[in-house]
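Coordinate analysis (summary)
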Amino acid sequence: MKRKGWFIPILIFFISISGLVFYQKRQDAHSYAAQANLPPILWSESPADINQVIFSEYGHEVQALRSSRDWELSKPISSKADNLFIYNIILSFKEPSFDTVIDIDPVNLRDYGIDELSPTLKLYTKDNESYELIRGNFADALHYYVYSPMSNTIYTMQKSAFENIHSDLTMWRDKDLLAFNKKDIQNIELTYNNVLHTITPTRLADSVSFKSETLDEKTLNHLVDFLESCTIKDFITDTADSSLLNAYGFSTPDLKVKIALKSGQSLVTVIGKSLKEENLCYVVINHSSSIATIPYFDLSQLLKPESLEKLSSESLTTK
């Protein structure tokens, strides 16, 4: 009787333990399944470790390489790059943030709008690690489908990350007309109306001013300030031949400015045609074959009235 009395409690004990173990396994399985559906952090890099960015879409590719602290474009042209633009790209993708796992080991990427022409971003590090994301169609009003070859998975990602990245070179290029600080100017050679004017700065306590016997002081200083802060509006071409340069007014330019810096560097810009009604001037920088546009600058007041009279009389005498 005593043995019978112990049997039932022991049986109940083993049944309870078995049920608890089975329940725990189900909970663990559920927990693992939930974790598997969470978007992973595929990579996490410091912006300083990224030394190459490649973006391609619809058969066009832009390649940027880090040179010391600055970025240079190496494809499709060689040019200074817009450091801030590239830095913002890296900030968005150095540790990409996904919202939802959509498809692991997708059978057909085209179902999500992903093919060989899709917008593709590749980042390369100093250690030769490479990371790639390919953008597909809209998942909804706020998200794109994106594909990671690294994980062979489709995710959704906020559209803002990819929104401002295009193969338009204007976005990638450095748009400073001439990178200088007027306090670093040694002298300026300015050719206007086919007359060369050499200008030496006058250094004050906290500023620099420019004077000339033949040029209006206010307009001259305004011009130097304009050149120091001026940014390019648009790039017309990077392969201008002589006939195209002539068409944009560079055979008889409105203005040529050569700025000699204390460092020994010289910066040159030539203004061809100036179109007031369109608020633009055509420029060539540093003897390149690239034509760009900048905002219009009115040069009509640059010469002093007495200089104009002198030039007019000299012209008549020559005739």
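Located above this text is the structure these notes cover.
Just so it is clear, the structure is predicted and the values come from calculations on it, not from any experiment.

Parameters at a glance
Residues numbered from 1 in each chain as written. Predicted model: local features only at pLDDT ≥ 70, side-chain atom pairs only at ≥ 80, totals over all residues. Heavy atoms only, no water. Helix = DSSP H or I, 4+ residues; strand = E, 2+ residues; numbered from the N terminus. Contact = heavy atoms within 4.5 Å. Areas by Shrake-Rupley, 256 points an atom, 1.4 Å probe, with all protein chains shown as cover. Salt bridge = Lys/Arg side-chain N within 4 Å of Asp/Glu carboxyl O. Core = buried A, V, L, I, M, F, W, Y, C linked by side-chain atoms within 4.5 Å. Buried < 20%, exposed > 50% of the residue type's maximum accessible area, 1.4 Å probe, protein only. Pairing = 2+ DSSP bridges. Expected span 1.5 Å × (residues − 1). Polar contact = N/O pair within 3.5 Å; in protein donor to acceptor, adjacent residues only side chain to side chain. Phe/Tyr/Trp six-rings, centres within 6.5 Å; stacked < 30°, edge-to-face > 60°. Lys NZ or Arg CZ within 6 Å of the ring centre and 35° of its normal.

Within the chain, the secondary structure is distributed over seven helices and 18 strands. A separation of at least 24 residues holds for 56% of the contacts in the chain among residues at least 6 apart in sequence. Surface exposure of the chain reaches about 19100 Å², of which carbon and sulfur atoms provide 52%.

Inspection of every chain in the model, using the stated rule, returns seven salt bridges. For Asp82, the salt bridge goes to Lys175, with nearest N and O atoms at 3.5 Å. One end of the pair, Asp82, is in the loop between strand 4 (79-80) and helix 2 (83-93); the other, Lys175, is in the loop between helix 4 (169-172) and strand 10 (185-192), with 93 residues separating them in the sequence. For the salt bridge of Asp238 with Arg173, the shortest nitrogen-to-oxygen distance reads 2.9 Å. One end of the pair, Asp238, is in the loop between strand 14 (234-237) and helix 6 (242-247); the other, Arg173, is in the loop between helix 4 and strand 10, and 65 residues separate them in sequence.

Okay, the nonpolar core next. Ranked by internal contacts, the top residues of the largest apolar core, which has 34 residues, are Ile188, Leu190, Leu255 and Ile259. Contributions of two or more residues to this core are made by strand 10, strand 13 (208-210), helix 5 (217-229), strand 15 (255-261), strand 16 (266-275), strand 17 (280-285) and strand 18 (291-294). Looking at this core element by element, the count peaks at five residues for helix 5. Discounting chain neighbours no more than four positions away, the residues touching Ile259 are Leu178, Phe180, Ile185, Asn187, Ile188, Gln265, Ser266 and Leu267. Within the second largest apolar cluster, 31 residues are counted, among which are Val62, Leu73, Ile90 and Leu123.

Turning our attention to the sheet that holds strand 5 (residues 100-104). The nine strands lie next to each other as 4-3-2-1-6-7-8-9-5, forming an open sheet whose pairing is antiparallel. A single partner strand is all that each edge strand has here, and the edge strands are strand 4 and strand 5. Pairing analysis gives four bridges linking strand 7 (residues 130-140) to strand 8 (residues 143-148), with the strands arranged antiparallel. Looking at the pairing, Arg135 lines up with Val146 of strand 8.

Before going further, it helps to spend a moment on helix 5. Over its 13 residues, helix 5 extends 19 Å from the first C-alpha to the last, a length consistent with the 18 Å expected when each residue adds 1.5 Å. Those residues of helix 5 that fall on the buried side of the exposure criterion are Thr219, Leu220, Asn221, Leu223, Val224, Phe226 and Leu227. At the N-terminal boundary of helix 5, the capping side chain belongs to Asp216, with an oxygen 3.4 Å from the backbone nitrogen of Lys218.

For the rest of this paragraph, the subject is unusual backbone geometry. Each neighbour pair has its own omega, and for Lys75 with Pro76 the value is 5 degrees, a cis peptide bond. Of note, Pro76 is situated in the loop between strand 3 (70-75) and strand 4. With a phi close to 55 degrees, Asn193 is a non-glycine residue in the positive phi region. Among the secondary structure elements, Asn193 is positioned in the loop between strand 10 and strand 11 (195-199). Residue classification places Asn193 among the partly exposed positions, given a relative accessible area of 43%. Of note, Asn279 is a non-glycine position whose phi angle comes to about 55 degrees, a positive value. Tracing the sequence through the fold places Asn279 in the loop between strand 16 and strand 17.

On to the packing of aromatic side chains, then. Within this structure, the stated rule accounts for nine aromatic pairs. Ring geometry for Phe93 versus Phe162: centroids 5.0 Å apart, planes at 70 degrees, classification edge-to-face. Of this pair, Phe93 sits in helix 2 while Phe162 sits in helix 3 (residues 160-163), and the two are 69 residues apart along the sequence. Accessibility classification places Phe93 together with Phe162 in one group, the buried group. Directly above the ring of Tyr144 sits Arg135, whose terminal nitrogen or CZ lies 4.3 Å from the centroid. We note Arg173 situated over the ring of Phe235; from NZ or CZ to the ring centre the distance is 3.8 Å.

Geometric values such as these leave the question of function open.
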